[in-house]
Amino acid sequence: MENNTVQVSRIYKVDGDSKLKAFVDVSFGGVIVKGLRVVDGINGLFVGMPQHQGKDGKWYNTVESATKEIQKEINDLVLATYKEG
C-alpha cells in the first residue's frame, strides 16, 4: 500500500481577475484526484472539489471527503501551496 499522505501533484494558476484562481490535482494512497479549484469567495479563498453538471443543469461534486478532518487537511495543504507560489 502506498503512502496515504495528501500531496499536491500539480497546481495551475489562472491569470486575470476571475474568482477562479487555480486548478489543483492532489494525490494520496496511489490515487490522483484532478480538478480541485481554488476560488476567491465572499469569505476569502476556499477549495472547491471537482464537479460535473447533471442533466438538470445543476452542478454536483464528483469527489467528496469522507470526514471533516480529511477535508480540512486537503484545504490547508492546497491553500498553503497556492499561497507559496
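Look up: the structure comes first, before these words.
Everything quoted here is computed from the prediction, not taken from an experiment.

Engineer: So what exactly am I meant to see when it comes to the pairing of strand β1 (residues 7-13) here?
Structural biologist: When β1 meets strand β2 (residues 20-28), the two strands line up antiparallel, connected through 6 bridges. The residue of β2 that forms the bridge with Gln 7 is Ser 27. In this antiparallel pair of consecutive strands, β1 and β2, the connection spans 6 residues, and Gly 16 shows a positive phi of 110 degrees.

Engineer: What am I meant to see in the sheet that holds β1 here?
Structural biologist: Strand-to-strand pairing in sheets goes through backbone hydrogen bonds, with the strands running parallel or antiparallel. Taken in spatial order, the 4 strands of this open sheet run β1-β2-β3-β4, and their pairing is antiparallel. A strand with exactly one partner marks an edge of an open sheet, and here the two such strands are β1 and β4 (44-48). Sheet twist, expressed as the mean angle between neighbouring strand axes with direction ignored, is 25 degrees. Pairing geometry for β2 and strand β3 (residues 31-41), over 7 bridges, is antiparallel. Note that in β3 the partner of Val 24 across the bridge is Leu 36.

Engineer: Explain the pairing of β3 to me, please; I cannot follow it from the model alone.
Structural biologist: Consecutive residues of a regular strand have side chains that alternate between opposite faces of the sheet. As consecutive antiparallel partners, β2 and β3 are separated by 2 residues, and within that stretch Gly 29 has a phi angle of approximately 55 degrees, a positive value. Sheet topology places β3 next to β4; 5 bridges connect them, and they run antiparallel. The residue bridging Arg 37 from the neighbouring strand is Gly 48, located in β4. What sits between β3 and β4 in their antiparallel hairpin is a turn of 2 residues.

Engineer: Teacher, can you tell me more about the pattern of salt bridges here?
Structural biologist: Proximity of charged atoms lets side chains of opposite charge pair with each other. In this structure the tally under the stated criterion is 2 salt bridges. A salt bridge links Arg 10 to Asp 25; the nearest nitrogen and oxygen atoms lie 3.0 Å apart. Here the residue Arg 10 occupies a position in strand β1, and Asp 25 occupies one in strand β2, the gap between them amounting to 15 residues. Classification of Arg 10 as partly exposed rests on a relative accessible area of 41%. Judged by its relative accessible area of 6%, Asp 25 falls in the buried class.

Procedures and definitions
Residues numbered from 1 in each chain as written. Predicted model: local features only at pLDDT ≥ 70, side-chain atom pairs only at ≥ 80, totals over all residues. Heavy atoms only, no water. Pairing = 2+ DSSP bridges. Helix = DSSP H or I, 4+ residues; strand = E, 2+ residues; numbered from the N terminus. Axes fitted to C-alpha atoms, helices over the stretch in contact; angles between N-to-C directions. Salt bridge = Lys/Arg side-chain N within 4 Å of Asp/Glu carboxyl O. Buried < 20%, exposed > 50% of the residue type's maximum accessible area, 1.4 Å probe, protein only.

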